[in-house]
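Read off the chains here:
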Amino acid sequence: MITVLHEQSEIVCAKARADGDELWMGAQDLAAATGWSMKPEGLCRGDACLPVPRDRVEDYIKGDMLNATAFWRRMQHPIVHDAAGELWVLGTGATDRSSALKSLAAPNFALPDLAGATHTLAEQRGRKVLLATWASW
Amino acid sequence: MWQSLHASLQERNFTVVTVAMDEPEAARPWIELAKPTYPCLIDRNHHVAELYNLVNVPQATWIDEQGRIVRPPENAGSSDAFRRMDRTTMQMSPEQIAERNRTKQTYVAAVHDWVLKGSASEFAYDAATIRARLRLPDDTVARAHAHFRLAQSLLKHAKREEAAINFAEASRLHPDSWTIWRQAAEKDATGLATGPEFWARVDALGDRPYHRPIEMKGLREGDA
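Just so it is clear, the model here is predicted, and its values are computed rather than measured. (Residues numbered from 1 in each chain as written. Chains lettered and ligands numbered in written order. Predicted model: local features only at pLDDT ≥ 70, side-chain atom pairs only at ≥ 80, totals over all residues.)

*Asks:* Would you mind going over the overall build of chain B in detail, with residue names and values included?
*Replies:* Looking only at helices and strands, chain B has nine helices and four strands in total. Reading the helices (α) and strands (β) of chain B from amino to carboxyl end gives α-β-α-β-α-β-β-α-α-α-α-α-α. Expected size for 224 residues packed as a compact globule is a radius of gyration near 17 Å; at 18 Å, chain B falls within 12% of this value. Along the longest, intermediate and shortest principal axes, the C-alpha atoms of chain B span 50 × 40 × 35 Å. Here chain B, with 224 residues, has 39% of them falling under the buried criterion. Sequence-distant contacts in chain B: of pairs separated by 6 or more residues, those separated by 24 or more amount to 48%. (Helix = DSSP H or I, 4+ residues; strand = E, 2+ residues; numbered from the N terminus. Rg over C-alpha atoms; globule rule 2.2 N^0.38 Å. Buried ≥ 20, exposed ≤ 12 C-beta atoms within 10 Å, placed from the backbone. Contact = placed C-beta atoms within 7 Å.)

Shown next, in the form of structure tokens:
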């Protein structure tokens, strides 16, 4: 079974196949894992769409399977995997991270406390926040 | 430190939110000792480090009521005095302790000033200043975070050797990141990554800072 890690989510994919450095996923799995889904315009998430090059469709789409690696490379996002091809990180590239920071809107996140309850930055809206990191090491 | 800051500014429409770049069980004893009344979050995958392009702890970001950045991520009042401590006794001299306390107190006083005065505080930056002081990642940093995420996942699957390979690659790609390096490093019995390799890596900085000094009245001028 192939597990796909993207942002804070971790999804075990029923329909995924590793082929060396290429990861083919069912369209529904890719959408569940990353929020990117196939539309007539191409692979889309929110307002953004990545068209599929018409002369190389088969590099990106084979039946109901999508080549996540090919899409990720085109978007200049990093993609790394373990030796067995069972754990795949569909990362986020620096352009996206930088744009988010340059907007000056503090990037939101959801993380657990020790009791396992999830907290977001957004839930503090209306208060000033000192967001501080630390570690035991 | 953060609990006393949070308590002293209660009912001022302010909260501390801490994020531990740590495994939950490593963070637990410290959180239980602090008895915090603010959210103490656990981020073993260092997701917030990736979002905010963080490289060390403690780094803090000031965020206003509308969720906008007021001061970009920066050293939250730590000093490099520890680099001069006696490494055999792990004791700091009174002078080093005084320097460490002074930088912390200066930072905490600035937070107080901002909480009370908001955007009128001299410590609150305007948009142009924030953008000038933001440190932005490049694609090698993004790739480093992907390798780190993979390494943490491999640890959960008990694949320690392959995790180590990915931690090493993450550090190779992002050598400025102490959070990646120290999270991956061997820990002593108290959970500290302060063995000989740590000191060697700190000394290799030479004149470069471990905790990047920030521009703030009362602290050394930053090298922004």
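Picking up after the structure, the text goes on.
*Asks:* Could you give me a rundown of the overall build of chain A, with the residues and numbers involved?
*Replies:* In terms of regular secondary structure, chain A is built from four helices and 14 strands. Dimensions of chain A, computed from C-alpha atoms along their principal axes, come out at roughly 50 × 30 × 25 Å. Taken across its 137 residues, chain A has 39% of its residues classed as buried. Considering only contacts in chain A between residues 6 or more positions apart, those separated by 24 or more positions represent 33%.

*Asks:* Which residues make up the nonpolar core, and what values go with them?
*Replies:* Counting 88 residues, the largest nonpolar core has Trp88(A) and Ala20(B) as its most contacted members. Looking at this core, the element that brings in the most residues is helix H6 (residues 139-156) of chain B, giving eight residues. Look past the residues within four positions of Trp88(A) in its chain and what remains in contact with it is Ile2(A), Val4(A), Leu5(A), Leu23(A), Ile79(A) and His81(A). (Core = buried A, V, L, I, M, F, W, Y, C linked by C-beta atoms within 7 Å.)

*Asks:* Can you break down the sheet that holds strand S1 (residues 2-6) of chain A residue by residue, with the values?
*Replies:* Within the open sheet, the four strands sit side by side as S2-S1-S11-S10 (chain A). Their pairing is mixed. With partners counted over all chains shown, the strands left at the sheet margins are strand S2 (9-13) and strand S10 (79-81) of chain A, one partner each. On average, adjacent strands in this sheet sit at an angle of 20 degrees to one another, irrespective of strand direction. As defined by bridge partners, S1(A) adjoins strand S11 (residues 87-90) of chain A across three bridges and the pair is classed as parallel. Bridge pairing links Leu5(A) to Val89(A) in S11(A). Against the sheet, helix H1 (residues 27-34) of chain A touches S1, S2 and S11 of chain A, its axis set at about 165 degrees to S2(A). The strands that H6(B) touches are S1, S10 and S11 of chain A; relative to S11(A), the one it contacts most, it runs at about 150 degrees. (Pairing = 2+ DSSP bridges. Axes fitted to C-alpha atoms, helices over the stretch in contact; angles between N-to-C directions.)

*Asks:* Got a sec to walk through the sheet that holds strand S4 (residues 69-75) of chain B? Specific residues and values, please.
*Replies:* Spatial strand order, S2(B)-S1(B)-S14(A)-S3(B)-S4(B): five strands in an open sheet with mixed pairing. Strands with a single pairing partner mark the edges of an open sheet, and in this sheet they are strand S2 (40-42) and S4 of chain B. Geometrically, the sheet is characterised by an average inter-axis angle of 15 degrees between neighbouring strands, direction not taken into account. Bridging between strand S3 (residues 59-63) of chain B and S4(B) involves four bridges; their strand directions are antiparallel. Within S4(B), the position partnered with Gln59(B) by the bridge is Asn75(B).

*Asks:* Residues and numbers for the packing of H6(B) against helix H7 (residues 160-173) of chain B, please.
*Replies:* Residues and elements named next belong to chain B. Packing of H6 against H7 brings their axes to within 8 Å, and their N-to-C directions diverge by 165 degrees. The angle between the axes of H6 and H7 places the two elements in the roughly antiparallel class. Note that H6 runs across H7; the crossing there is left-handed. Seen from H6, the contacting residues are Thr140, Arg143, Ala144, His147, Phe148, Leu150, Ala151, Leu154 and Leu155; seen from H7, they are Arg160, Glu162, Ala163, Asn166, Phe167, Glu169, Ala170 and Leu173. For the contact of H6 with H7, the residue count by class is ten nonpolar, three polar and four charged. (Parallel < 35°, antiparallel > 145°, perpendicular 65-115°, else oblique. Left-handed = near helix turned anticlockwise from the far one by under 90°. Nonpolar A, V, L, I, M, F, W, Y, C, P; charged D, E, K, R; others polar.)

*Asks:* Can you break down the interface of chain A and chain B residue by residue, with the values?
*Replies:* Interfaces are often sized by the amount of accessible area the parts lose when they come together. Taken together, the contact between chain A and chain B spans 43 residues of the former and 69 residues of the latter. If you list the elements that add at least two residues to the side of chain A that touches chain B, you get S11, helix H4 (94-102), strand S12 (110-112) and strand S14 (128-134) of chain A. Its residues assigned to classes, the side of chain A that touches chain B shows 25 nonpolar, eleven polar and seven charged. Judged from the seven bridges that link them, S14(A) and strand S1 (residues 14-20) of chain B form a sheet pairing that is parallel. Its bridge partner being in S1(B), Ala132(A) is matched across the sheet by Thr18(B).

*Asks:* Go over the confidence of the model for chain B with me, naming the residues and quoting the values.
*Replies:* Close inspection of predicted coordinates is inappropriate in any region flagged by low pLDDT. Summing up the model confidence of chain B, the mean pLDDT is 93 and the portion of residues at 70 or higher is 98%. For this predicted complex, the interface confidence reaches an ipTM of 0.97, while the overall pTM sits at 0.95. (pLDDT = per-residue confidence, 0-100.)

*Asks:* Can you lay out the pairing of S2(A) for me, pointing to particular residues and giving the numbers?
*Replies:* All names here are of chain A. As paired elements, S1 and S2 share five bridges and run antiparallel to each other. Bridge pairing in S2 places Thr3 opposite Val12. Hairpin connection of S1 to S2: two residues between the antiparallel strands, including Glu7 at a positive phi of 50 degrees.

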